[in-house]
Amino acid sequence: MPANLLKGKVISRSIRDTIRGAVGELADQGQRPGLAVVLVGDDPASAIYVRKKAQACDKLGLHSVVRILPESTSEGDLLALIDQLNADPAIHGILVQLPLPPSMAADDVLRRIDPRKDVDGFHPENVGLLLLGQPRFVACTPFGMMKMLEHAGCELKGKHAVVVGRSNIVGKPIALLLLQQHATVTICHSRTQDLEGHVRRAELVVAAIGRAEMIRGDWIKEGAVVLDVGINRLDDGRIVGDVDFAGASERASWITPVPGGVGPMTITMLLWNTVEAARR
């Protein structure tokens, strides 16, 4: 029987209704959540993503500020802008769009953001709080994935989850979130031996390794839940995930399509975090 689809657009719609209600409550108290997005350079994909964030803010009633800086901007000037946004009481969340130009040290830039305004969840203080099980802000893509599992009614306690990928943005934080829900978590990566064997034993597979259809459909355990974070463009123009969707959907109980799966949840959870920052 084909798997049920976990569609991010559908799930995020209900979450955005909740966000809209929270924005209205804050407005009654004379407060409007504010998000500042900073983009350095003219990368087309980043520019589209930034525009989508601003549009989402407008639709839900958040105040949004977009600052686009030329690629020639010095790191010092970028840090000075972050300092201004840190001090601005109308701004509750700050996001610096990655990647940054090679001349800039991304770690130093992210550390400059006030951790109380770090709605991306990348500041070391917020990463540390997540590790301690006391999260302030959770990275938006993993946060959205947990909401998707909640929507599917997926019981995580005691389940074996395999996370393929160990990035600071997805792999590591989703592993910590799953641990906090009492799953048994295995983290795999490009140098893992017998990746197939690990995936075959998993009741939940999170694919976030950035390689087109690397996880074969026949590796998926019957009835497993599959969350595919990958976005890969093939030579023929098709966009596919890190999992062979056609094969995996014949075995999984739930699976995210690509596109339209995990992706739409990321901006939604960014807005959620911004509203939470305003509340605090």
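Because the structure is predicted, anything quoted here is derived from the model rather than measured.

Draft legend 1. Quick peek at helix α5 (residues 124-131). Within α5, the full set of buried residues consists of Asn126, Leu129 and Leu130. The buried side chains of α5 occupy one side of the element, clustering within an arc of 100° when seen end-on. Looking one or two places after α5, you find glycine 133, whose phi comes out positive at around 80°.

Draft legend 2. View of the packing of aromatic side chains. Taken as a whole and assessed by the stated rule, the structure comprises 1 aromatic pair. An angle of 85° between the planes, with centres 6.2 Å apart, marks the rings of phenylalanine 143 and tryptophan 272 as edge-to-face. With phenylalanine 143 in helix α6 (residues 140-151) and tryptophan 272 in helix α10 (residues 263-279), the pair connects residues that are 129 residues apart, well separated along the chain. When its relative accessible area of 17% is taken as the criterion, phenylalanine 143 is described as buried.

Draft legend 3. Representation of the sheet that holds strand β8 (residues 225-228) in the model. Read across the open sheet, the 6 strands follow the order β1-β11-β8-β7-β5-β6; overall the sheet is parallel. Two strands in the sheet have a free side with no partner beyond their single neighbour: β1 (4-5) and β6 (184-188). As judged from the 2 bridges shared by β1 and strand β11 (residues 254-255), these two strands associate in the parallel manner. Bridging across to β11, asparagine 4 finds its partner in tryptophan 254. The strands touched by helix α7 (residues 171-180) are β5 (160-164), β6 and β7 (204-207); relative to β5, the strand with the most contacts, the crossing angle is about 170°.

Draft legend 4. View of the pairing of β8. Every second residue of β8 is oriented toward a common face, with Val225 and Leu227 on one face and Val226 and Asp228 on the other, all of them buried. Bridge analysis of β7 against β8 gives 4 bridges, and the strand direction is parallel. By the bridge assignment for β8, valine 205 is matched with valine 226. Pairing of β8 with β11, which is carried by 2 bridges, proceeds in the parallel orientation.

Draft legend 5. Focus on the sheet that holds strand β2 (residues 34-40). Strand order in the open sheet made by the 3 strands is β3-β2-β4, with parallel pairing throughout. Bordering the open sheet on either side are β3 (63-69) and β4 (93-96), each of which pairs with just one other strand. Across the sheet, the mean angle from the axis of one strand to that of its neighbour is 15°, orientation sign disregarded. Sheet topology places β2 next to β3; 7 bridges connect them, and they run parallel. Among the inter-strand pairings, valine 38 is bridged to a residue of β3, identified as arginine 67. Where helix α3 (residues 75-87) meets the sheet, it contacts β2, β3 and β4, and its direction lies at approximately 175° from that of β2. This element, α10, spans β2 and β4 of the sheet and lies at about 130° to β2.

About the cut-offs
Residues numbered from 1 in each chain as written. Predicted model: local features only at pLDDT ≥ 70, side-chain atom pairs only at ≥ 80, totals over all residues. Heavy atoms only, no water. Buried < 20%, exposed > 50% of the residue type's maximum accessible area, 1.4 Å probe, protein only. Helix = DSSP H or I, 4+ residues; strand = E, 2+ residues; numbered from the N terminus. Arc of directions from axis to C-beta. Phe/Tyr/Trp six-rings, centres within 6.5 Å; stacked < 30°, edge-to-face > 60°. Pairing = 2+ DSSP bridges. Contact = heavy atoms within 4.5 Å. Axes fitted to C-alpha atoms, helices over the stretch in contact; angles between N-to-C directions.

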